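Observations on the three-dimensional arrangement
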Amino acid sequence: MHATLPTPHAAAAALPHVNGDRLWQRLMTLARIGATDKGGVCRLALTDLDRQGRALFTTWAQELGCSVRTDAIGNLFARRAGADDSLPAVATGSHIDTQPTGGKFDGNYGVLAGLEVLHALNDAGLRTRAPLEVCVWTNEEGSRFVPVMMGSGVYAGAFSLAHALAATDAQGISVQQALQATGQAGSAPAAVADGAPRFSAYFEAHIEQGPVLEEAGITIGAVTGALGQRWYDVQVTGMEAHAGPTPMALRRDALLPAARLVQRVNELALAEQPHGRGTVGQLSVFPGSRNTIPGRVRFTVDFRHASDEGLARMDHALRAAAAALARPGLEITIEQVVYFPPQPFDPALVDAVRQGAQQAGLSVMDVVSGAGHDAVYVARTAPAAMIFVPCKDGISHNEIEDAQPAHLTAGANVLLHAMLARAGRA
Ligand SMILES: [Zn+2]
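Per-chain numbering applies: the sequence of each chain, read as written, is numbered from 1 onward. Local features are withheld for residues below a pLDDT of 70 in this predicted model, meaning they are given only at 70 or higher, and side-chain atom pairs are given and counted only at 80 or more; totals for whole chains, interfaces and linings count all residues. The basis for the side-chain values is all heavy atoms of the structure; hydrogens and waters are excluded.

Here the focus is the pairing of strand β6 (residues 220–226). Only protein chains enter the area calculation, which uses a 1.4 Å probe; residues under 20% of their type maximum are buried, those over 50% are exposed, and those in between are partly exposed. The helix count covers DSSP runs of H or I at least four residues long, the strand count covers runs of E at least two residues long, and both are numbered beginning at the N terminus. Most of β6 is tucked away: six of the seven residues are buried. In this description, strands pair whenever DSSP reports at least two bridges between them. In this structure, β6 lies alongside strand β15 (residues 364–369), joined through five bridges in parallel fashion. Looking at β15, one finds that Gly221 is bridged to Met365. Here β6 runs beside strand β16 (residues 384–389); their pairing, made up of three bridges, is antiparallel. From the neighbouring strand, Val223 faces β16, where its bridge partner is Met386. In terms of strand pairing, β6 meets strand β14 (residues 343–344) through two bridges, oriented antiparallel. Its bridge partner lying in β14, Gly225 is registered against Pro344.

Structure follows, in structure tokens:
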């Protein structure tokens, strides 16, 4: 005889659940702040609209009994006390700033799913052993101020607080001025190195912003890590000349090697599947006249890969291709301008996401994040993992960005289970 084991269904029934309608209502309410005519959101970092969104978050968190603190870069932390409040917090969160033509879910979902987790625990009368925190990271999008993922970057020490505060927008307004103008500059230290508390675990729920989950018909993505990135500025210099009198053999056409390198970028990424990515997103041709042979071409290259070795292979191959195309009078320079190392997430936390999905009876698959997220920086300071849910047609950074309420609810339940497992029941 075998002992009777609880069925997966019975185990799931013993777990608290989020309220999906309430999560959806909060998403729609927050989306009204900065709502665009096309159904999206424009709520740029540290604008008055961003302040209004943060105020709404703060009100909701306080209604749940949380204390809210702000650090020197404007990151917000809503805290639900634990039975042993001296333990490091189990945290979650994301961002509520958006792109100029952004959607309702990018970032906002991770923040409000975190709030819903706290609300569900309140409903269930459950106390955790460790405290829980929901973070709102400042200026994740980077569309008003560079660097992107600014709040989490300062927190993790990717760059200094002073560097971030000095960044200016297109009008010359600095982050420091915008923080003061919107009342978002807090007194708590912003960087872990300056005493900001470390988390014992950090989970971030996010819409996938890509098509993999939807394509596979899977509800939950357990994100095993984020792709590393190398960005380049490439310049090809030849010589302008008249399109008519200059014979083909005597030209120093800068666009021709550029076109071959664009092709090469694509081939190099295709040779590094499943995770290699290669994109040329900007290309400028000078002088840009239909009857002048181009004398100069500038373009960007964005390489992504799960491993540093893979990034290095793509780097070497691109440089080799450029060297083979260059000749006297036709010069090619390649300058690397951005590097993000690949960031694997914590295996135990990724497993907590898988288990959270299985406990809730949800389909789950491992995925990688091709985009940067606050979790990628936080992972430098604490064990971290992410939970992806599908978004419609994989579209994001667009006003038509959409997600199914059932998927958003599912992701929040996985977040609840994973956080509860890490924080422990009191
Ligand atoms: Zn985001």
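What follows deals with the coordination of the zinc ion. Distances from the zinc ion to its protein donors, His95 (NE2), Asp106 (OD) and His206 (NE2), fall at 2.0 to 2.3 Å. On the primary sequence, the residues serving as donors to the zinc ion are separated as H-x10-D-x99-H. One end of the pair, His95, is in the loop between β3 (90–94) and α4 (108–124); the other, His206, is in strand β5 (residues 201–207), with 111 residues separating them in the sequence. Taking the relative accessible area as the measure of exposure, His95 reaches 0% and is therefore buried. The class of His206 is buried, set by a relative accessible area of 1%. As a rule, N, O and S atoms within 2.8 Å of a metal are its donors, except that Na, K and Ca use 3.2 Å; water is not among the atoms, so sites may look incomplete.

Looking now at the environment of Gln176. Secondary-structure assignment places Gln176 in helix α7 (residues 175–181). According to the relative accessible area criterion, Gln176 is partly exposed, its value standing at 38%. Note: C-alpha distance between Gln176 and Leu46 (130 residues apart in sequence) is 9.8 Å.

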